[in-house]
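Structure at a glance
Read off the chains here:
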Amino acid sequence: MNFDTWFHGLNKIVQIILLIIPLIGWIIDLLVRWSAFIRKQSIVNLVMALVITIFGGFWILTILDAIWIFLNNKLFLEE
């Protein structure tokens, strides 16, 4: 599952647009987080994948990820 590498290969503007659409952003965030965890087996990736899975529907974490991509070219707390 290389969804995270596909997502990070996209243009930064496309990544941000995909994340700020309410339901689509949550699904994209879920897929990227779980893909990163499966590929890298990091505890940080596992914790963030679980947090996004449980609390991601509130959309605040997805907006935080969009801002973080704008500033740092990666998702918040993604290794």
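Check the entry above for the structure.
None of the values given here were measured: they were computed from a predicted structure. Along each chain, the written sequence defines residue order, and numbers are assigned to residues from 1. Note on the predicted model: pLDDT of at least 70 is required for a residue's local features to be given, and 80 or more for side-chain atom pairs to be given and counted; whole-chain, interface and lining totals, by contrast, use all residues. Excluded from the side-chain calculations are hydrogens and water; all other atoms, namely the structure's heavy atoms, are used.

**Looking at the side chain of serine 42**
By the criteria applied, helices consist of DSSP H or I runs no shorter than four residues and strands consist of E runs no shorter than two, each listed in order from the N terminus. Turning to its location among the elements, serine 42 is positioned in the loop between helix H3 (22–40) and helix H4 (43–55). Between buried and exposed lies partly exposed: a residue is buried under 20% and exposed over 50% of the maximum accessible area for its type, with that area taken using a 1.4 Å probe on protein chains only. Among the residues examined, serine 42 registers a relative accessible area of 11% and is labelled buried. Separated by 3.3 Å, the side chain of serine 42 and the backbone nitrogen of valine 44 make a polar contact. Note on contacts: a residue pair qualifies if any of its non-hydrogen atoms lie within 4.5 Å across the two residues. Once residues within four sequence positions are removed from consideration, serine 42 is found in contact with Phe37 and Glu79. Polar contact is the term for a pair of N or O atoms within 3.5 Å; when the atoms are in protein, one must be able to donate a hydrogen and the other to accept it, and sequence-neighboring residues count only if both atoms are side-chain atoms.

**Considering the packing of aromatic side chains**
Classification of ring pairs rests on two measures: the distance between centres of Phe, Tyr or Trp rings, Trp counted by its six-membered ring, which must be within 6.5 Å, and the angle between planes, read as stacked under 30 degrees, edge-to-face over 60 and tilted in between. For the coordinates displayed, the defined rule picks out three aromatic pairs. Here the aromatic rings of phenylalanine 3 and tryptophan 6 are separated by 5.0 Å at their centres, their planes lie at 45 degrees, and the arrangement is tilted. Within this pair, phenylalanine 3 and its partner tryptophan 6 are both found in helix H1 (residues 3–9), separated by three residues, close to a single helical turn. Taking relative accessible area as the criterion, tryptophan 6 reaches 42% and is therefore assigned partly exposed. Relative to phenylalanine 37, the ring of tryptophan 34 lies with its centre 6.0 Å away and its plane at 85 degrees, an arrangement referred to as edge-to-face.

**A word on unusual backbone geometry**
In the Ramachandran plot, glutamine 41 falls in the positive-phi region, its phi being about 50 degrees despite a non-glycine side chain. For glutamine 41, the location among the structural elements is in the loop between H3 and H4. Its relative accessible area of 54% is what places glutamine 41 among the exposed residues. Its identity as a non-glycine residue notwithstanding, leucine 77 has a phi of 55 degrees, on the positive side. Residue leucine 77 is classed as partly exposed on the basis of its relative accessible area of 44%.

**Quick notes on the packing of H3 against helix H5 (residues 60–72)**
For helices, the axis comes from a line fit to the C-alpha atoms of the stretch in contact; other axes are also lines fit to C-alpha atoms, and the angle between any two N-to-C directions lies between 0 and 180 degrees. Running from amino to carboxyl end, H3 crosses H5 at an angle of 70 degrees, the nearest separation of the two axes being 10 Å. Considering their axes alone, H3 and H5 lie roughly perpendicular with respect to each other. The crossing of H3 and H5 is left-handed. Each of Gly25, Trp26, Asp29 and Arg33 in H3 lies in contact with H5, whose residues at this interface are Leu61, Thr62 and Asp65. Note on residue classes: Ala, Val, Leu, Ile, Met, Phe, Trp, Tyr, Cys and Pro are nonpolar, Asp, Glu, Lys and Arg are charged, and everything else, Gly too, is polar. Residues of the contact of H3 with H5, tallied by class, amount to two nonpolar, two polar and three charged. With respect to orientation, any angle under 35 degrees is reported as roughly parallel, any angle over 145 as roughly antiparallel, any angle of 65 to 115 as roughly perpendicular, and every other angle as oblique. Left-handed describes a crossing in which the near helix is turned anticlockwise from the far one by less than a right angle; the clockwise case is right-handed.

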